[in-house]
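Here is what each chain is made of, one letter per residue.
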Amino acid sequence: MMSFLSSSDFWFLVGTSLAKTIFLIFLVVLPMVSYTVYAERRVSAAMQDRSGPNRVGFPISLLGFKKDFSPFLGGLGQPVADAVKFLLKEDFVPGHVNKPYFWLAPCLAMIPSIVVLAAIPFGSTFLGVDMVVANLNVGILYIFAISSVGVYGIVLAGWSSNSKYPFLGGIRSTSQMISYELGLGFSAVPVLLIAGSTSLTKITQYQVDHGWLLLPFTAGMPGLREILLWIPVVIAFVTFTICMFAETNRLPFDLPESETELVAGYHTEYSSMKFALFFLGEYTAMIAGSSLIVVLFLGGWNFPFIPDGSAGWFWGLVNISVFFGKVAVLLFFFIWVRWTLPRFRYDQLMKLGWLYIFEIALVNVFLTAGILAFTK
Amino acid sequence: MSPILFWVFALMMLVFGVAVVVNRNPVASALSLVVSFLGLAALFVSLDAFFIGVVQVLVYAGAVMVLFLFIIMLLDLKAEQRRKLNLAAWAGGGLVTLIFVAQLWAVLKRFPLGRQPFPALPPGPHDDVREVGMVLFSTHNLPFQVVGVLILVATIGVVILSKRELK
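Residues numbered from 1 in each chain as written. Chains lettered and ligands numbered in written order. Predicted model: local features only at pLDDT ≥ 70, side-chain atom pairs only at ≥ 80, totals over all residues. Heavy atoms only, no water.

Caption draft 1: How the structure looks around the packing of aromatic side chains. Scanning all chains against the criterion turns up 27 aromatic pairs over all chains. Judged by centre distance (5.4 Å) and plane angle (75 degrees), the ring pair of phenylalanine 237 of chain A and phenylalanine 297 of chain A falls under edge-to-face. Taken as a pair, phenylalanine 237 of chain A in helix H8 (residues 224-247) and phenylalanine 297 of chain A in helix H10 (residues 272-297) lie far apart in primary sequence, 60 residues in all. Seen from their ring centres, phenylalanine 37 of chain B and tyrosine 60 of chain B are 5.3 Å apart, and the 45 degrees between their planes marks the pair as tilted. With a gap of 23 residues between them, phenylalanine 37 of chain B in helix H2 (residues 26-46) and tyrosine 60 of chain B in helix H3 (residues 50-74) connect regions that are remote in the sequence. The class of phenylalanine 37 of chain B is buried, set by a relative accessible area of 17%. These aromatic residues form a ring-pair network of at least three members: Phe245, Phe332, Phe333, Phe334 and Trp336 of chain A. The ring centre of phenylalanine 86 of chain A lies 5.5 Å from the NZ or CZ of lysine 85 of chain A, which sits over that ring. For the cation-ring pair, lysine 274 of chain A lies above tryptophan 103 of chain A, with the distance from its terminal atom to the ring centre recorded as 4.0 Å. (Phe/Tyr/Trp six-rings, centres within 6.5 Å; stacked < 30°, edge-to-face > 60°. Helix = DSSP H or I, 4+ residues; strand = E, 2+ residues; numbered from the N terminus. Buried < 20%, exposed > 50% of the residue type's maximum accessible area, 1.4 Å probe, protein only. Lys NZ or Arg CZ within 6 Å of the ring centre and 35° of its normal.)

Right under this line is the structure:
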């Protein structure tokens with residue numbers, strides 16, 4: 001692929017890719033992860049009629065100011081304090097663990113969920129550069145492939161800990177993720193059929209032209225075809241979201257780490273920054289999953305009456321903000337569900353995955369194909 | 001494609017392929033096989049075969065090997081680690097490998113297509129998912145359906161066998 005690019009094009013490609021990666025990871029996703037943790041604590045507190053962390057501000061009194069800076073809500077410095085706490089705590093490695101794998105597991109839990117972000121189109125264009133790190137024509141398959149590798153982190157953590165609760169957590173997580181991967185894949189197929197491509201950029205472009213798949217009226221009055229297709233899209237959206245909850249190990253499907261049964265599941269034996277990597281990996285996977293839902297069903301960076309990046313750099317920035325705004329709404333939904341629903345029992349989880357979600361998603365593929373064939 | 005990348009990934013594949021056999025710990029063997037598969041996927045991607053490369057990771061590294069690991073972890077690993085190397089087994093394995101390589105060489109020598117360079121693809125982006133799908137459902141439709149039936153039979157067989165175990 002590189003062979004037909006001239007040298008200056010090649011270095012431009014390398015430079016912009018690096019800039020986009022650094023922007024996406026360090027300026028958007030990692031801060032978003034730490035503030036999702038903060039939001040989780042504040043929202044859960046609000047739902048349980050508590051205050052939550054509302055004290056920690058930014059300690060600018062260390063720099064000679066009179067008071068710490070504690071903006072509107074209070075507690076906004078909490079993620080910084082959490083990070084410092086994780087880094088400074090003693091990193092205790094129990095004697096009975098299998099050391100190489102014990103060290104490898106947290107890395108494997110964090111890396112795939114970051115690598116997945118490469119294929120996600122998080123904006124239209126900015127100064128003429130496409131806002132996607134790797135514009136793959138197999139984008140969605142790439143995301144499924146990399147996130148399926150993510151299970152190794154949890155499995156290895158459970159196995160190398162050499163202790164019963166982590167092991168049970170690892171075993172549960174393996175079978176859970178394999179079961180729900182099928183449902184996840186099949187739920188995405190209707191979208192691929194409708195957009196006619198596996199490229200996430202093309203799926204977004206289809207939604208810019210024809211209206212968001214879940215809200216077809218965003219690009220004017222929908223025709224009969226769009227209205228008929230709305231039925232399988234809603235089914236696909238529901239099954240896809242349920243499977244995404246299971247894939248990211250979030251409640252009501254957090255069986256791998258259900259603290260009432262398994263202490264803390266696969267990361268029971270971990271402390272300090274190693275534990276934090278599992279924690280961050282889970283939230284990064286949540287952000288990646290929400291981004292995928294936004295791209296597939298909610299129009300990606302598109303918003304009615306807002307032009308794309310070709311209208312100027314300002315609109316390019318607005319598109320990026322719209323995308324992450326939608327992701328933030330979905331993250332709130334994730335948190336909201338976690339503090340509302342009780343946990344499933346393990347056999348109920350497997351039954352739901354294999355007997356209902358999988359079949360519904362499969363039938364939905366045929367329904368979509370039928371509608372597409374008859375309304376051509 | 002840069003030859004350096006080819007050698008990096010080819011070496012990675014070979015080294016971890018050997019590690020699968022040499023490692024005494026079954027979990028380490030399984031993980032080495034995963035890394036070997038990732039190297040293979042990288043080789044596919046460097047040939048612009050994105051679809052095959054990604055499916056390699058999705059199916060083999062992401063699903064098949066996870067199941068393997070799942071089973072290995074439930075077995076008694078200590079017995080496998082303690083087992084001594086058997087000289088007869090060594091010799092037998094070496095002999096089978098030699099015969100296989102010799103046969104492969106004999107077949108490839110009489111395979112004229114193997115010596116012709118493949119016609120170059122037209123430059124520019126390819127929608128390889130579409131192309132693979134078109135070939136699969138038009139030219140090779142019958143073999144594709146036969147494979148589908150075969151897998152269905154295997155699935156039903158597994159269900160029946162595991163049900164009988166339970167009684």
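Caption draft 2: Quick peek at empty space enclosed by the protein. Residues and elements named next belong to chain A. As enumerated under the stated definition, the model contains 2 cavities of 30 Å³ or more in all. By volume, the largest cavity is sized at about 390 Å³. As for the largest cavity, its lining consists of 24 residues, of which Ser113, Ser147, Met177, Glu247 and Ala285 are closest to the centre. Looking at the lining of the largest cavity element by element, the count peaks at 7 residues for H10. Here the lining of the largest cavity is built from residues that sort into 15 nonpolar, 7 polar and 2 charged. Elements that contribute at least two residues to the lining of the second largest cavity include exactly helix H7 (200-210) and H8. In terms of residue count, H8 provides more of the lining of the second largest cavity than any other element does, 4 residues in total. Considered class by class, the residues forming the lining of the second largest cavity number 8 nonpolar, 2 polar and 1 charged. (1 Å grid on protein atoms, 1.4 Å probe; cavity = no way out; pocket = protein on both sides within 12 Å on 5 of 7 lines; lining within 4 Å. Points joined across faces, edges and corners; volume = space filled by probe spheres on them. Nonpolar A, V, L, I, M, F, W, Y, C, P; charged D, E, K, R; others polar.)

Caption draft 3: Molecular detail of a nonpolar patch on the surface. Residues and elements named next belong to chain B. Taken together, the side chains of Phe100, Val101, Leu104, Leu108, Phe111 and Leu113 define a hydrophobic patch exposed on the protein surface, amounting to about 600 Å² of accessible area. Secondary-structure assignment places phenylalanine 111 in the loop between helix H5 (87-109) and helix H6 (128-137). Here phenylalanine 111 falls in the partly exposed class, since its relative accessible area comes to 40%. (Patch = residues over 30% accessible without salt bridge, like charges linked within 9 Å, V, L, I, M, F, W, Y side chains within 5 Å. Areas by Shrake-Rupley, 256 points an atom, 1.4 Å probe, with all protein chains shown as cover. Salt bridge = Lys/Arg side-chain N within 4 Å of Asp/Glu carboxyl O.)

Caption draft 4: Examining unusual backbone geometry more closely. All names here are of chain A. Despite not being glycine, aspartate 49 shows a phi value in the positive range, around 60 degrees. Of note, aspartate 49 is situated in the loop between helix H1 (7-47) and helix H2 (78-88). The exposure class assigned to aspartate 49 is exposed, which follows from its relative accessible area of 73%. Even without being a glycine, asparagine 249 presents a positive backbone phi close to 55 degrees. Mapped onto the fold, asparagine 249 is located in the loop between H8 and helix H9 (259-262).

Caption draft 5: Looking closely at the packing of H8 of chain A against helix H11 (residues 313-338) of chain A. Residue and element names in this part refer to chain A. It is at 12 Å that the axes of H8 and H11 come closest, and there the two elements cross at 70 degrees. One finds that H8 runs roughly perpendicular with respect to H11. Contacts between H8 and H11 pair Thr241, Met244 and Phe245 from the former with Phe333, Phe334 and Val337 from the latter. Looking at the contact of H8 with H11 residue by residue, the class counts come to 5 nonpolar, 1 polar and no charged. (Axes fitted to C-alpha atoms, helices over the stretch in contact; angles between N-to-C directions. Parallel < 35°, antiparallel > 145°, perpendicular 65-115°, else oblique. Contact = heavy atoms within 4.5 Å.)

Caption draft 6: Inspection of the environment of aspartate 209 of chain A at higher detail. Locating aspartate 209 of chain A in the fold gives a position in helix H7. Remark: the alpha-carbon pair of aspartate 209 of chain A and glycine 220 of chain A, spanning 11 residues in sequence, is separated by 9.7 Å.

Caption draft 7: Structural view of the confidence of the model for chain A. Here chain A shows a mean pLDDT of 84. Residues at 70 or above account for 97%. The spread of mean pLDDT over the elements of chain A runs between H9 of chain A, the lowest at 72, and helix H12 (residues 346-374) of chain A, the highest at 89. (pLDDT = per-residue confidence, 0-100.)

Caption draft 8: Expanded view of the packing of H8 of chain A against H12 of chain A. Residue and element names in this part refer to chain A. It is the contact of H8 with H12, at a shortest axis distance of 10 Å, that shows an interaxial angle of 160 degrees. With respect to H12, the axis of H8 lies roughly antiparallel. Where H8 crosses over H12, the two elements pack in a sense that is left-handed. Every residue of H12 that contacts H8 at Arg225, Leu228, Leu229, Pro232, Ile235, Ala236, Thr239, Ile242 and Cys243 is listed here: Leu352, Ile357, Ile360, Asn364, Leu367, Thr368, Ile371 and Leu372. In terms of residue class, the contact of H8 with H12 is built from 13 nonpolar, 3 polar and 1 charged. (Left-handed = near helix turned anticlockwise from the far one by under 90°.)

Caption draft 9: A look at helix H3 (residues 99-115) of chain A. Helix length check: H3 of chain A (17 residues) gives 25 Å between terminal C-alpha atoms against 24 Å at 1.5 Å per residue, within 8%. When we look at burial in H3 of chain A, the residues that qualify are Tyr101, Phe102, Ala105, Pro106, Ala109, Met110, Pro112 and Ser113 of chain A. At its buried positions, H3 of chain A is contacted by H1, helix H4 (139-149), helix H5 (151-160) and H10 of chain A together with H2 of chain B. (Expected span 1.5 Å × (residues − 1).)

Caption draft 10: Quick look at the interface of chain A and chain B. Of the residues lining the interface, 25 residues belong to chain A; the matching set on chain B comes to 28 residues. Counting the surface lost from both chain A and chain B, the interface buries some 2400 Å², and carbon and sulfur atoms represent 76% of this. Per-residue buried area on chain A facing chain B is highest for Asn137, Tyr152 and Trp159 of chain A; these three make up 24% of the total on that side. The tally of links from chain A across to chain B stands at 0 salt bridges. (Buried area = accessible area lost by both parts, 1.4 Å probe.)

Caption draft 11: Quick peek at the nonpolar core. One finds Phe240, Leu296, Phe297 and Phe323 of chain A to be the most contacted residues of the largest nonpolar core, which totals 112 residues. Those residues in contact with leucine 296 of chain A, other than ones at most four positions away along the chain, are Ile140, Ala188, Val191, Leu200, Ile203, Gln207, Leu213 and Phe240 of chain A. (Core = buried A, V, L, I, M, F, W, Y, C linked by side-chain atoms within 4.5 Å.)

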